[in-house]
Amino acid sequence: MSSMLTTIILLIISNIFMTIAWYGHLKLQATGVSSSWPLWVVILFSWAIALCEYCFMVPANRIGYAGNGGPFSLMQLKVIQEAVTLIVFTVFTMFVFGNESLRWNHVCAFILLVGAVFLVFMDK
């Protein structure tokens, strides 16, 4: 598998864990599972999930970074990561928090983000 594809797959997996760590506790609270947990327990719970995120994010950046023989500059890695984050977050939000809706301004923002990805890959 190419380092480009490996990097993107690892970024997707990493962002799934990140989104669950950052926002999953809100769903647990809404369902009553964690509503009685003190904040420090919620933080530790999220950190445990975030550890999984780092186990995928760090290799993605090391494999993908041009300085390590990968196909992407640091700017390209960051913009790809942000695009993946928004896509994963949107899918997560639509399925886990069914009360959120995708509106026209969100679509416009995604289009602009695709433009950012295009621009970051342009040669001078």
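Residues numbered from 1 in each chain as written. Predicted model: local features only at pLDDT ≥ 70, side-chain atom pairs only at ≥ 80, totals over all residues. Heavy atoms only, no water.

### Considerations on the nonpolar core
One broad trend across soluble globular proteins is that nonpolar side chains are buried collectively. Formed by L10, L11, M57, A60, F72, L77, I80, V84 and V88, the largest nonpolar core amounts to nine residues. Going through the elements one at a time, helix 1 (3-30), helix 2 (39-64) and helix 3 (74-96) are the ones with two or more residues in this core. Considering each element in turn, this core owes the most residues, four residues, to helix 3. If near-sequence neighbours (up to four positions away) are discounted, L11 is found in contact with M57, A60, I80, Q81 and V84. (Core = buried A, V, L, I, M, F, W, Y, C linked by side-chain atoms within 4.5 Å. Buried < 20%, exposed > 50% of the residue type's maximum accessible area, 1.4 Å probe, protein only. Helix = DSSP H or I, 4+ residues; strand = E, 2+ residues; numbered from the N terminus. Contact = heavy atoms within 4.5 Å.)

### Topic: the environment of M4
When you line up the elements, M4 lands in helix 1. We classify M4 as partly exposed; its relative accessible area is 43%. On a C-alpha basis, the gap between M4 and N68 in space is 13 Å, while along the polypeptide they are 64 residues apart. Dropping the residues within four chain positions of it, M4 is found in contact with P71 and F72.

### Let's talk about the packing of helix 3 against helix 4 (residues 104-120)
At their nearest, the axes of helix 3 and helix 4 sit 9 Å apart, and the two run at 160° to each other. Considering the angle they form, helix 3 stands roughly antiparallel to helix 4. Relative to helix 4, helix 3 is oriented so that their crossing is left-handed. Contact with helix 3, carried on its side by M75, Q76, V79, E82, A83, L86 and T90, involves F110, L113, A116, V117 and V120 of helix 4 and no other residues of that element. Residues that form the contact of helix 3 with helix 4 fall into these classes: nine nonpolar, two polar and one charged. (Axes fitted to C-alpha atoms, helices over the stretch in contact; angles between N-to-C directions. Parallel < 35°, antiparallel > 145°, perpendicular 65-115°, else oblique. Left-handed = near helix turned anticlockwise from the far one by under 90°. Nonpolar A, V, L, I, M, F, W, Y, C, P; charged D, E, K, R; others polar.)

### A closer look at the packing of helix 1 against helix 2
In contact at an axis separation of 8 Å, helix 1 and helix 2 are set at 170° when each is read in the N-to-C sense. Taken together, helix 1 and helix 2 sit at an angle that is classed as roughly antiparallel. The interaxial crossing formed by helix 1 with helix 2 has left-handed handedness. Classifying every residue of the contact of helix 1 with helix 2 gives 18 nonpolar, eight polar and one charged.

### Describing a nonpolar patch on the surface
Taken together, the side chains of I87, V91, M94, F95, L102, V107 and I111 define a hydrophobic patch exposed on the protein surface, amounting to about 700 Å² of accessible area. Those elements that place two or more of their residues in the nonpolar patch are helix 3 and helix 4. The biggest single contributor to the nonpolar patch is helix 3, with four residues. Its location among the elements puts V107 in helix 4. (Patch = residues over 30% accessible without salt bridge, like charges linked within 9 Å, V, L, I, M, F, W, Y side chains within 5 Å. Areas by Shrake-Rupley, 256 points an atom, 1.4 Å probe, with all protein chains shown as cover. Salt bridge = Lys/Arg side-chain N within 4 Å of Asp/Glu carboxyl O.)

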